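Chain residues, written in single-letter form:
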Amino acid sequence: MGGELEIKGLYKSFMVNSQKLSVLEGIDLTVGDGEFVVIVGRSGCGKSTLLKIIAGLEMPESGTLRLAGKPISGPGFDRGMIFQEHRLMPWLTIERNVALGLGRVKKKDRARIARKYLSMVQLEGFENAYPSQLSGGMSQRAAIARALATEPDTLLLDEPFGALDALTKIEMQDELLRIRANQKSMMLMVTHDVDEAVFLADRIVVMSSRPGRVRAIVNIELPEVRDRGSADFAWYKKKIFDYFFEHGSEESTDFTI
Ligand SMILES: Nc1ncnc2c1ncn2[C@@H]1O[C@H](COP(=O)(O)OP(=O)(O)O)[C@@H](O)[C@H]1O
Ligand SMILES: [Mg+2]
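> What am I meant to see in the overall build of the protein chain here?
For the protein chain, the helix and strand inventory stands at seven helices and ten strands. Against the globule reference of 18 Å for 257 residues, the protein chain gives a C-alpha radius of gyration of 19 Å, in line with a compact fold. In terms of its C-alpha atoms, the protein chain occupies a principal-axis envelope of roughly 55 × 45 × 35 Å. The buried share of the protein chain, taken over its 257 residues, is 50%. In the protein chain, once contacts between residues fewer than 6 apart in sequence are set aside, the share between residues at least 24 apart is 70%. Approximately 12,400 Å² of the protein chain is accessible, and the part contributed by carbon and sulfur atoms is 51%. Side-chain charges of the protein chain comprise 34 positive and 35 negative groups, with the mean position of each set lying 6 Å from the other.

> Sorry if this is basic, but what is going on with unusual backbone geometry here?
Excluding glycine, a negative phi dihedral is what most residues carry, and trans is how most peptide bonds are arranged. Not every positive phi belongs to a glycine, and Ser18 is a case in point at roughly 55°. Secondary-structure assignment places Ser18 in the loop between strand 1 (5-16) and strand 2 (19-31). Take Ser18: its relative accessible area is 69%, and that puts it in the exposed class.

> What is the right way to look at empty space enclosed by the protein in this model?
The gaps left among the atoms become clear once a water-sized probe is rolled over them. In this structure the tally under the stated criterion is one cavity of 30 Å³ or more. The calculated volume of the largest cavity comes to roughly 40 Å³. If you trace the largest cavity, you find it lined by Glu159, Phe161, Gly162, Lys169, Thr191, His192, Asp193 and Glu196.

Parameters at a glance
- Residues numbered from 1 in each chain as written.
- Chains lettered and ligands numbered in written order.
- Predicted model: local features only at pLDDT ≥ 70, side-chain atom pairs only at ≥ 80, totals over all residues.
- Heavy atoms only, no water.
- Helix = DSSP H or I, 4+ residues; strand = E, 2+ residues; numbered from the N terminus.
- Rg over C-alpha atoms; globule rule 2.2 N^0.38 Å.
- Buried < 20%, exposed > 50% of the residue type's maximum accessible area, 1.4 Å probe, protein only.
- Contact = heavy atoms within 4.5 Å.
- Areas by Shrake-Rupley, 256 points an atom, 1.4 Å probe, with all protein chains shown as cover.
- Lys, Arg positive; Asp, Glu negative; His and termini not counted.
- Charge placed at Lys NZ, Arg CZ, Asp CG, Glu CD.
- 1 Å grid on protein atoms, 1.4 Å probe; cavity = no way out; pocket = protein on both sides within 12 Å on 5 of 7 lines; lining within 4 Å.
- Points joined across faces, edges and corners; volume = space filled by probe spheres on them.

The structure is reproduced here in structure tokens:
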């Protein structure tokens, strides 16, 4: 079982051309065990940096991050990450790609586990195919299987469907909800697609432009299975867009509903 993710007073900057570029400023965010939180914000506002810090791939400048009560100090098997590009190794079969992260597992069990997760993302029959033989959607399914195979309590998804066509993207969103119903893992996903955010999230975090701050947190109180054509769905989309495009002082626009 996982536990809560707690981020307090997170600051991060990078040195760019010997100038300090402030990227994240005072992020406070708590994500519950099994919760699906989607982060939206303009390009460059620090969303990927935030996920990398949670993954333990980047260090924060200040602030505390705890997962299930333990400070995050580096990468760990309790967190899996999925990127916009599938990042599969072209010279390995799909099964071998999925088994890559299973170093801790006994060798004889690796293929079985890889096959189990490939079947979960509906790729049975493609175990021995190479990434170049799969479509974009299938490759992204394989990347999801690879992240799930280590059985992380927390899945970090950085615009995972950003490169897919509109219909494949909708299929993948359904797939993700199905997997989530099975796995009960915490999902923290970045997207710039507001429709996707409202379709998937329990809560949406809207970030301000760089330096990234939490501008608003919106609870999505819609039925578990959502109707993209409903008036309530459209209402939430408009609400998120309104926060997104709001101008004026960042300080005065920090609020939560
Ligand atoms: N390793 C790095 N070194 C210097 N600048 C970086 C680095 N990583 C990200 N940045 C800068 O930080 C800002 C936020 O980047 P990123 O987190 O990728 O934004 P987003 O994912 O919201 O588009 C950008 O201006 C980017 O250029
Ligand atoms: Mg990014």
